[in-house]
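# Topology and contacts: notes
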Amino acid sequence: MKKGKLLSGAAVSIMLLSACSNDIESIQQALDGSEEKQASAVSELQQVMELESQLQNAFQTGISEDEDLSSFSDGSASVFTNIDERKQALENLDGISSELTEQKEKFAEIDVQSVSEETVDEVENTIQSLNESIDAFATKYGEDLEQQRDYFESLGQDDTTYENFKTGIESINDSREKTQSLLAELDTEIAALQNLQGDLSSQLDAAADE
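Below is a short write-up of the structure. (Residues numbered from 1 in each chain as written. Predicted model: local features only at pLDDT ≥ 70, side-chain atom pairs only at ≥ 80, totals over all residues. Heavy atoms only, no water.)

## Re the environment of Ser71
Here Ser71 is to be found in helix 2 (residues 70–73). The class of Ser71 is buried, set by a relative accessible area of 14%. Put simply, Ser71 and Glu153 are 82 residues apart on the chain and 8.8 Å apart in space, counted from C-alpha to C-alpha. Apart from residues lying up to four places away in sequence, Ser71 is in contact with Asp66, Ser76, Ala77 and Phe80. (Helix = DSSP H or I, 4+ residues; strand = E, 2+ residues; numbered from the N terminus. Buried < 20%, exposed > 50% of the residue type's maximum accessible area, 1.4 Å probe, protein only. Contact = heavy atoms within 4.5 Å.)

Below you can see the structure in the form of structure tokens.
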């Protein structure tokens, strides 16, 4: 066999090995990025839920310490700070959703060879589903925050009655039940993505050992 043909074959082999290595590295980078952004999303969601759990105490403190409820009409009551902080967490969540989309696109650009292409596709699809759930939750929760703000502001008005007070609370609670169902969907999507990420990580470890 001529040396040129022999070396040509060797060069092809080297290129294939290089492609395989780049494949693993690219998938690992996309996986690490998706895990990081998912963790950030969970952190912001936890922040929202923690602040929500503090709302009742802030409300009770406000109405007990402010007899004429002027702090509700002028927006200085601590409930409004709570609402603003949750709104900021939602905005952070929206940014993370965009970053997750970028990670999904990175997966889509990879020529998958070393691991199951089906698993990578499932990761992509689940990131997409998670983003859709995040968007639905953020939109609904944002509406809830505006509803809460309007309600608390109304308490400081002179014509507010006990019936307004009661009806407003009931409306907020009804809306919260709908939001909780969206949060449950988010939990399901997050768990599904975590499982797929773990599966893909195991496949990458096995491929790297070959």
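## A few points about the pattern of salt bridges
Considering all chains together, one arrives at 4 salt bridges under this definition. Taking the shortest distance from any N to any O, the salt bridge between Glu99 and Lys37 comes out at 3.3 Å. With Glu99 in helix 3 (residues 78–109) and Lys37 in helix 1 (residues 3–65), this residue pair connects regions lying 62 residues apart in the sequence. On the basis of relative accessible area, Lys37 is assigned to the buried category, the value being 17%. The closest approach of N and O atoms between Lys140 and Asp144, which form a salt bridge, is 2.7 Å. With Lys140 and Asp144 both in helix 4 (residues 117–154), this residue pair falls 4 residues apart, about one helical turn. Classification of Asp144 as buried rests on a relative accessible area of 4%. (Salt bridge = Lys/Arg side-chain N within 4 Å of Asp/Glu carboxyl O.)

These values are about where atoms sit, not about what they do.
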